[in-house]
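This is what each chain is made of:
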Amino acid sequence: MLKGKKIVLGVTGSIAAYKAAVLVRLLVKEGAEVQVVMTPSAKEFITPLTLSTLSGRPVLSEFFNTGNGSWHSHVELGLWADAMIVAPATASTLGKMAAGVADNLLVTTYMSMKAPVFIAPAMDLDMYAHPATVHNIGTLKAYGNHIIEAAAGELASHLCGKGRMEEPENIVKALKDFFLTDRDLEGKRVLITAGPTYEKIDPVRFIGNYSSGKMGFAIAAECARRGAAVTLVAGPVSLPTPHPAIERIDVESAREMCETAVAVFPSCDAAVLSAAVADYRPAVQASSKIKRTSDGMTIDLEANPDIAATLGRAKKEGQCLAGFALETDNAEENACKKLEKKNLDFIVLNSLEDEGAGFSCDTNKVTIIDRNGKNAYPLKSKAGVAKDVVSHLAKLLMLLVMLFVPSFASAEGEELNATVNLNSSKVQGSNTEVFTMLRDALDEFINTRKWTTNFYEENERIMCSFNFVVNSYANDGSFDCSLMVQASRPVFGSSYNSVLFKYEDPSVKFKYQPYDRLEFIEDNLDNNLTAVIAFYVYMIIGMDLDSMGELGGSEFLNKALTIANNAQNLGDSGWRAGGSDNNRHSIIDDYMNGALEPVRKLMYKYHRLGLDTMFKSADGGRKAITESIKLLKQAYDDRPMAYFTELFTEYKVDEIVNVYSKCTPEEKKDVVKILSEINPSLSSEWDKITRNNN
Ligand code: CTP
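Quick notes on the rules
Residues numbered from 1 in each chain as written. Predicted model: local features only at pLDDT ≥ 70, side-chain atom pairs only at ≥ 80, totals over all residues. Heavy atoms only, no water. Helix = DSSP H or I, 4+ residues; strand = E, 2+ residues; numbered from the N terminus. Buried < 20%, exposed > 50% of the residue type's maximum accessible area, 1.4 Å probe, protein only. Contact = heavy atoms within 4.5 Å. Areas by Shrake-Rupley, 256 points an atom, 1.4 Å probe, with all protein chains shown as cover. Lys, Arg positive; Asp, Glu negative; His and termini not counted. Charge placed at Lys NZ, Arg CZ, Asp CG, Glu CD. Expected span 1.5 Å × (residues − 1). Axes fitted to C-alpha atoms, helices over the stretch in contact; angles between N-to-C directions. Parallel < 35°, antiparallel > 145°, perpendicular 65-115°, else oblique. Nonpolar A, V, L, I, M, F, W, Y, C, P; charged D, E, K, R; others polar. Near = heavy atom within 4 Å. Polar contact = N/O pair within 3.5 Å; in protein donor to acceptor, adjacent residues only side chain to side chain. Patch = residues over 30% accessible without salt bridge, like charges linked within 9 Å, V, L, I, M, F, W, Y side chains within 5 Å. Salt bridge = Lys/Arg side-chain N within 4 Å of Asp/Glu carboxyl O. Core = buried A, V, L, I, M, F, W, Y, C linked by side-chain atoms within 4.5 Å. Domains from an automatic or database assignment. Buried area = accessible area lost by both parts, 1.4 Å probe. Pairing = 2+ DSSP bridges.

Caption draft 1: Examining the overall build of the chain more closely. Looking only at helices and strands, one finds 22 helices and 25 strands in the chain. Taken over the C-alpha atoms alone, the chain extends approximately 90 × 85 × 55 Å along its principal axes. Looking at the 694 residues of the chain, the share that counts as buried comes to 52%. Considering only intrachain contacts with a sequence separation of at least 6, the fraction spanning at least 24 residues in the chain is 68%. Accessible surface, the chain: about 31,000 Å² in total, of which carbon and sulfur atoms supply 52%. Counting 73 positive and 88 negative side-chain charges, the chain places the averaged centre of each group 0 Å from the other.

Caption draft 2: How the structure looks around helix α19 (residues 618-638). Here α19 is 21 residues long and its end C-alpha atoms lie 30 Å apart, about the 30 Å a rise of 1.5 Å per residue gives. All of the buried residues in α19 are Gly621, Arg622, Ala624, Ile625, Thr626, Ser628, Ile629, Leu631, Leu632, Lys633, Ala635 and Tyr636. The inward-facing, buried residues of α19 abut α18 (597-614), α20 (643-659) and α21 (665-678).

Caption draft 3: Highlighting the packing of α21 against helix α22 (residues 683-691). At their nearest, the axes of α21 and α22 sit 9 Å apart, and the two run at 175 degrees to each other. Judged by the inter-axis angle, α21 sits roughly antiparallel to α22. Here Lys668, Val672, Leu675 and Ser676 of α21 come into contact with α22, specifically with Trp686, Ile689 and Thr690. In terms of residue class, the contact of α21 with α22 is built from 4 nonpolar, 2 polar and 1 charged.

Caption draft 4: The site of the ligand, seen in detail. As a structural note, the neighbourhood of the ligand is formed by 14 residues, with Leu273, Ala275, Phe324, Lys338 and Lys342 the closest of them. The contact in question runs from an oxygen atom of the ligand to an N or O atom on the side chain of aspartate 279, over 3.0 Å. Between the ligand and the protein, one listed contact pairs a nitrogen atom with a backbone N or O atom of isoleucine 307 at 3.0 Å. Coverage of the ligand by the protein chains reaches 76% of its 570 Å² of free accessible surface. Mapped onto the shell around the ligand, the elements with two or more residues apiece are α11 (307-314) and β16 (320-327). Residue classes in the shell around the ligand are distributed as 9 nonpolar, 1 polar and 4 charged.

Caption draft 5: Geometry of a nonpolar patch on the surface. On the surface, Phe64, Trp71, Val75 and Leu79 cluster together to form a nonpolar patch covering roughly 440 Å² of accessible area. Looking at phenylalanine 64, the relative accessible area reads 47%, which means it is partly exposed.

Caption draft 6: Representation of the nonpolar core within the structure. Of all hydrophobic cores here, the largest spans 96 residues; its most connected members are Phe466, Phe468, Phe479, Phe501, Met539, Met543 and Phe644. Broken down by element, this core gets its largest block of residues, 14 residues, from helix α15 (residues 528-548). If we ignore the near neighbours within four places in the chain, the residues touching methionine 539 are Phe501, Leu557, Ala560, Ile587, Ile588, Tyr591 and Phe644.

Caption draft 7: Quick peek at the domain arrangement of the chain. The assigned domain composition of the chain is domain 1 (6-180), domain 2 (189-287 + 299-402) and domain 3 (405-540). For domain 1 versus domain 3, the distance between C-alpha centres works out to 38 Å. Between domain 1 and domain 3, the contact holds 4 residues from the first and 6 residues from the second. Counting the surface lost from both domain 1 and domain 3, the interface buries some 300 Å², and carbon and sulfur atoms represent 48% of this.

Caption draft 8: Examining the side chain of serine 55 more closely. Its location among the elements puts serine 55 in helix α2 (residues 48-55). By relative accessible area, which is 12% here, serine 55 ends up buried. A polar contact of 2.8 Å, which involves the side chain of serine 55, links it to the backbone oxygen of leucine 51. Ignoring anything within four residues of it in the chain, the contact list for serine 55 reads Val24, Val28, Val34 and Val36.

Caption draft 9: Focus on the environment of isoleucine 119. Positionally, isoleucine 119 belongs in strand β4 (residues 117-121). On the basis of relative accessibility, which here comes to 0%, the residue isoleucine 119 falls in the buried class. When the C-alpha positions of isoleucine 119 and aspartate 250 are compared, they lie 23 Å apart, and in sequence the two are 131 residues distant. When residues no more than four places from it in sequence are discounted, the contact partners of isoleucine 119 are Val86, Ala89, Leu94, Met97, Leu140, Asn145, His146, Ile147 and Ile148.

Caption draft 10: Quick peek at the pairing of strand β23 (residues 462-473). Note: strand β22 (residues 416-423) against β23, 8 bridges, orientation parallel. Bridge pairing in β23 places asparagine 417 opposite methionine 463. Of the strand pairs in this sheet, β23 and strand β24 (residues 478-490) are connected by 10 bridges, and their pairing is antiparallel. Paired with phenylalanine 468 across the two strands is leucine 483, which belongs to β24.

Caption draft 11: Highlighting unusual backbone geometry. With an omega of -5 degrees, the peptide bond between alanine 87 and proline 88 qualifies as cis. With respect to the helices, strands and loops of the structure, proline 88 is situated in strand β3 (residues 83-89). Despite not being glycine, asparagine 343 has its phi angle at roughly 55 degrees, a positive value. Take asparagine 343: it is sitting in the loop between α12 (331-341) and β17 (346-351).

Caption draft 12: Examining the side chain of arginine 281 more closely. Among the secondary structure elements, arginine 281 is positioned in strand β14 (residues 280-282). In terms of polar contacts, arginine 281 uses its side chain to reach the backbone carbonyl oxygen of alanine 303, at 3.2 Å. Among the polar contacts listed, one links the side chain of arginine 281 to the side chain of asparagine 304, at a separation of 2.6 Å. Aside from chain neighbours lying at most four places away, what touches arginine 281 is Glu199, Arg255, Asp300, Leu301, Glu302, Ala303, Asn304 and Pro305.

Shown next as structure tokens:
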């Protein structure tokens, strides 16, 4: 995503300047060209030599080159860059940028910048909270800059609080998200409420609920990723802010949440109210701890404000308001009533009766209801549900602008029906949440990406499985997994499936951190995990189409081949071309090699003319399979070193033994002879064909 992007990195005089080195390294690793511009005081914290060495370009700091007097053109830099990052940005630089005090090269470059600007402040907590800083950040935001909010933690002053520069990894993530194509909420402002509310009984007790906040946080992350300015009003939850571009306001009670939401909503284009707001609070909140008495006790409750209804009344033309409904009885009817009563534009219904849906799960199963109808979605990860909810929101916002509201349709991929398993038992003791999130993200990625423009009916989806075993995992998100990929297709007129492809990939190395979005961009292979998945998916789709029509899968098999060829620099031995290793590259290289074209042709003969016709004519079907095995032999003779012929016999062995269980001794003899030559290591299996005397 950042490959070839030109980035100006402005570094100012903060203790966090040392992180600029990591930032430069990460950007360069992503393939970006980085030009560092430093303020004079930044040089007190990190040397220009470090940054010029890492970026491979001289660092700029003065208006003139002191050696030859030539001018360092900030105007040219402003035109050259695809983005500017100011990280760390001190309070002083923020002030100068907000006020246009152009007394150094960094601020002049900023003021000449034609590209989007990202600002990552870093300072002490009191300075960060000071009204002057708050005002300057507000001004810079209003000018259209992207503020990457400071994180909370220990500061250089040894105080703890908000002010630490966001980690370089997250800054790069914000930048990558910006350059993603599906930024359909760019320029929109979205308010999200999330989590439970706590209603105080006394200083140590409260009335609350089990809401984890995960759903609302996932929606906030998705909105931010798609370019929206997000204000996340969060009840008491123990979740980190999921995206650096989110402004988070923590509240405790329903009244605090309501006050904040009412203040923020007028400047927003949309609000998604996912909080589980307590409907009642104790009428009296004791100022000191209530003592136990021998009697029972009664707490009088009074109603809390209904935030959704309050915003529904305040809603202006063009604003979109969405709510959630958690129902146990008459789910749809009650959800529709809430939609009307609270003046919502759509409501996301989840039923507690659905397994895997609800408060503490990582999955959810929802139905989105608006005034034009409803759309029920299957069980998905909360990130997947967030994607659906935000897609619906984006669509409605667009339609509100056009003052036209048609019904909606799902845009999910339909090619694969994949199951994804991730076995992490070998790395027990590690943080297990990351494994669940990775599994869900993979499931989502494989099953909902549109891999083709072909139309697949539900019953035509290709059955496949991706079984990962985590062999090693480190806290920086480095994984090494083995991966068993298997695909099968139904045999026409029968109840059984035939294996289309099966391969155990011994090692797939990649990086994954919670909330990372799995993305695959064909001409930019920067993520080995999605490159590997895309490779197998295209291979499977191509082989399936080969089995439907002779050489029918070329388009997709060529995509797999291109990935294998382009992935040479991803540092994963599974792609290594040329050597004697059997790997992803050799499989597709064999399969698409002209000399092995008979192998591709055999797919159609074996599956379509062979297996599919066996149910009406066993002899005819088997004859076609024998012909296909002869094609396999032809390919083997032409290229005995080709791995694919061996692999094919390995995953088809049981099926082949079964196919030839009933045939003449001559047929058995012929086929056993061929198969034993192609794969002698399976001779005991092939012998079973001869021994079967049916
Ligand atoms: N909601 C809100 N403020 C409240 C109660 C609910 O903003 N005081 C919002 C929720 O965030 C959700 C929607 O209203 O988006 C529906 O919440 P729900 O609790 O299902 O509805 P209630 O109106 O509380 O109805 P009931 O408790 O009877 O189901």
